[in-house]
Amino acid sequence: MNVLQQIEKKYLRQDIPEFRAGDTVRVHVQIREGEKTRIQPFEGICLRRHNAGAQSTFTVRKRGAGGIGVERIFPTHSPLIKEIEVVRTGRVRQARIYYMRQRSGKAARIRERGQFR
Amino acid sequence: MQGVLGEKVGMTAIFEEGGRQIPVTVVRTLGNRVVGKRTQEKDGYTALIVGFGERRVKRLTKPELGFFEKQGLVEERQDGTRIVKRHIREFRISAEELAAYEVGQSFDGATLFKSGERVDVTGTSKGRGFTGVMKRHNFSGGKATHGVHEYFRHGGSLGACTYPARVFKNKKMPGQHGNKRVTQQGLTIIDVLEDGLLLVKGNVPGPNGGLLQIRRPVKQRR
């Protein structure tokens, strides 16, 4: 293990569930409003995971108010993430499912993983 | 003012208590050693000569070896290889400070710096070779369309005409970019770890494995 990995080690979280692109996840993020902090959930489809030690991130896309697509990039190991729930697993063929940005409605469906059609 | 030599290990990011992610550069400073002194009487100025890194004795020329042997600075690695310090640099310090150091004394960044302190970091920037003005000076180049041909990455005009009838000095033109001594001032030390590892906020000049000089800041923050 090299020096960088050793330094990163203590910042890595072990409590992150397994999920991948195509899965629907609900991320509970701690946010600050003035002096108060509260937990806000953000639920959507994971478009990609970027694995890079302590700098790992994942992107979640959801349909926000008024049908506007909203994407958020979370640092996977951030202490501000209180919980990640895997709501639904999805079977996709790409590791980066950016094509979902172009899809809406029926075309934006993703098949559940581990199920036969 | 005094400093240490170090090696850029690489960059990563750490999380603060507040949850903020901060980019840090890891610098290894273990194994700094005083290899000599410059004194007022002999050299006309005072400075500490510091060595860092490893170099096999086998690789030295005789005059080089003589410098180390005279001071008894030849070390032995665990596997029995005889080594000396690879990099030698001077740090200008006052005569009083100089008296506190002995030739042969070892130190590292942890003995000199605490977390939260500011430092200046000097290194040699990554060499980019002979580059054009767009990469080197951030010129915007020419137009890609509107009938432009063979004039896409040029710098444009070099100046006026009859007066001054010459190109001004320091005109930004293509040339060697990088591989130059660069000092990044006022960087914050985020943490000091064991083995003389410093975590410096932000980036420092040079490639991973490059030699760095970490010094007390020239400018004070108000």
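Conventions adopted
Residues numbered from 1 in each chain as written. Chains lettered and ligands numbered in written order. Predicted model: local features only at pLDDT ≥ 70, side-chain atom pairs only at ≥ 80, totals over all residues. Heavy atoms only, no water. Helix = DSSP H or I, 4+ residues; strand = E, 2+ residues; numbered from the N terminus. Rg over C-alpha atoms; globule rule 2.2 N^0.38 Å. Buried < 20%, exposed > 50% of the residue type's maximum accessible area, 1.4 Å probe, protein only. Contact = heavy atoms within 4.5 Å. Areas by Shrake-Rupley, 256 points an atom, 1.4 Å probe, with all protein chains shown as cover. Lys, Arg positive; Asp, Glu negative; His and termini not counted. Charge placed at Lys NZ, Arg CZ, Asp CG, Glu CD. Pairing = 2+ DSSP bridges. Phe/Tyr/Trp six-rings, centres within 6.5 Å; stacked < 30°, edge-to-face > 60°. Lys NZ or Arg CZ within 6 Å of the ring centre and 35° of its normal. Core = buried A, V, L, I, M, F, W, Y, C linked by side-chain atoms within 4.5 Å. Domains from an automatic or database assignment. Salt bridge = Lys/Arg side-chain N within 4 Å of Asp/Glu carboxyl O.

**Q** So what's going on with the overall build of chain B? Which residues, and what values?
**A** Scanning chain B from N- to C-terminus turns up five helices and 15 strands. Computed over the C-alpha atoms, the radius of gyration of chain B is 23 Å, more than 25% above the 17 Å expected from 2.2 N^0.38 for a compact globule of 222 residues. Projecting the C-alpha coordinates of chain B onto the three principal axes gives extents of approximately 70 × 50 × 40 Å. By the burial criterion, 36% of the 222 residues in chain B qualify as buried. A separation threshold of at least 6 residues defines the contact pool for chain B, and within that pool the share at least 24 residues apart is 70%. Summed over its atoms, the accessible surface of chain B is roughly 13700 Å², and 48% of this surface lies on carbon and sulfur atoms. Of note, chain B has its 39 positive side-chain charges centred 12 Å away from the centre of its 22 negative side-chain charges.

**Q** Which residues make up the sheet that holds strand 6 (residues 75-76) of chain B, and what are the values?
**A** All names here are of chain B. Reading across from one edge, 5-7-6 is the order of the three strands in this open sheet, with antiparallel pairing throughout. Every other strand in the sheet has two partners, leaving strand 5 (55-56) and strand 6 as the edge strands with one partner each. Judged from the two bridges that link them, strand 6 and strand 7 (residues 82-84) form a sheet pairing that is antiparallel. Paired with glutamate 75 across the strands is isoleucine 83, a residue of strand 7.

**Q** Which residues make up unusual backbone geometry, and what are the values?
**A** All names here are of chain B. The linkage connecting tyrosine 163 with the following residue, proline 164, adopts the cis geometry, with an omega of 5 degrees. Positionally, proline 164 belongs in the loop between helix 5 (133-137) and strand 12 (175-176). The residue asparagine 138 is not glycine, and still its phi comes out positive at about 60 degrees. Here asparagine 138 lies in the loop between helix 5 and strand 12. Take asparagine 138: its relative accessible area is 68%, and that puts it in the exposed class.

**Q** Before we move on, can you summarise the packing of aromatic side chains with the specific residues and values?
**A** According to the stated counting rule, one finds five aromatic pairs over all chains in the structure shown. With a centroid separation of 5.2 Å and 80 degrees between ring planes, the pair formed by phenylalanine 67 of chain B and phenylalanine 68 of chain B is classed as edge-to-face. Residue phenylalanine 68 of chain B is classed as buried on the basis of its relative accessible area of 5%. Members of the aromatic cluster, connected to one another through ring pairs, are Phe19, Phe42, Phe58 and Phe74 of chain A. Above the ring of phenylalanine 19 of chain A, the side-chain terminus of arginine 49 of chain A is found at 4.2 Å from the ring centroid. The lysine or arginine in question, arginine 72 of chain A, covers the ring of phenylalanine 42 of chain A, its NZ or CZ lying 5.8 Å from the ring centre.

**Q** Help me get a handle on the nonpolar core, residues and values and all.
**A** Counting 24 residues, the largest nonpolar core has Leu48, Phe113, Val119, Val121, Leu198 and Ile214 of chain B as its most contacted members. Residue assignment for this core shows that the elements contributing at least two residues are strand 1 (3-15), strand 4 (47-52), strand 10 (118-124), strand 13 (181-193), strand 14 (197-201) and strand 15 (211-215) of chain B. In terms of domain composition, this core takes at least three residues from each of domain 1 (1-28 + 117-127 + 181-222) and domain 2 (31-107) of chain B. Ile16, Val29, Cys46 and Val60 of chain A belong to the second largest nonpolar core, which has 12 residues in total.

**Q** Kindly report on the environment of threonine 124 of chain B, identifying the contributing residues and their values.
**A** Residue and element names in this part refer to chain B. Note on placement: threonine 124 falls in strand 10. Separated by 83 residues in sequence, threonine 124 and proline 207 place their C-alpha atoms 8.3 Å apart. The contact partners of threonine 124, leaving out residues within four places of it in the chain, are Asn179, Lys180, Pro205, Gly206, Pro207 and Leu211.

**Q** Summarise the domain arrangement of chain B; cite the residues concerned and give the values.
**A** Quite often, the size of an interface is put as the accessible area lost when its parts meet. Structurally, chain B comprises domain 1 (1-28 + 117-127 + 181-222), domain 2 (31-107) and domain 3 (133-177). One C-alpha centre belongs to domain 1 of chain B, the other to domain 3 of chain B, and the line joining them spans 35 Å.

**Q** Explain the pattern of salt bridges residue by residue, including any values.
**A** Taken as a whole and assessed by the stated rule, the structure comprises 19 salt bridges over all chains. Across the salt bridge formed by arginine 38 of chain B and aspartate 43 of chain B, the nearest N and O atoms sit 3.9 Å from each other. One salt bridge connects glutamate 54 of chain B with arginine 77 of chain B, and the closest N-O pair in it is separated by 2.7 Å. With glutamate 54 of chain B in the loop between strand 4 and strand 5 and arginine 77 of chain B in the loop between strand 6 and strand 7, this residue pair connects regions lying 23 residues apart in the sequence. Of the residues examined, arginine 77 of chain B reaches a relative accessible area of 32% and is grouped as partly exposed. A single network of salt bridges, built from pairs that share partners, joins Arg26, Glu43 and Glu85 of chain A.

**Q** Describe the environment of threonine 89 of chain A, and please don't skip the residues or the numbers.
**A** Residue and element names in this part refer to chain A. Along the chain, the position of threonine 89 falls in the loop between strand 5 (81-88) and strand 6 (90-91). Overall, threonine 89 belongs to the partly exposed group, its relative accessible area being 22%. Spatially, the C-alpha atom of threonine 89 lies 18 Å from that of lysine 106, the residues being 17 residues apart in sequence. Discounting residues that sit within four places of it in the chain, threonine 89 has contacts with Asp23, Arg111, Glu112 and Arg113.

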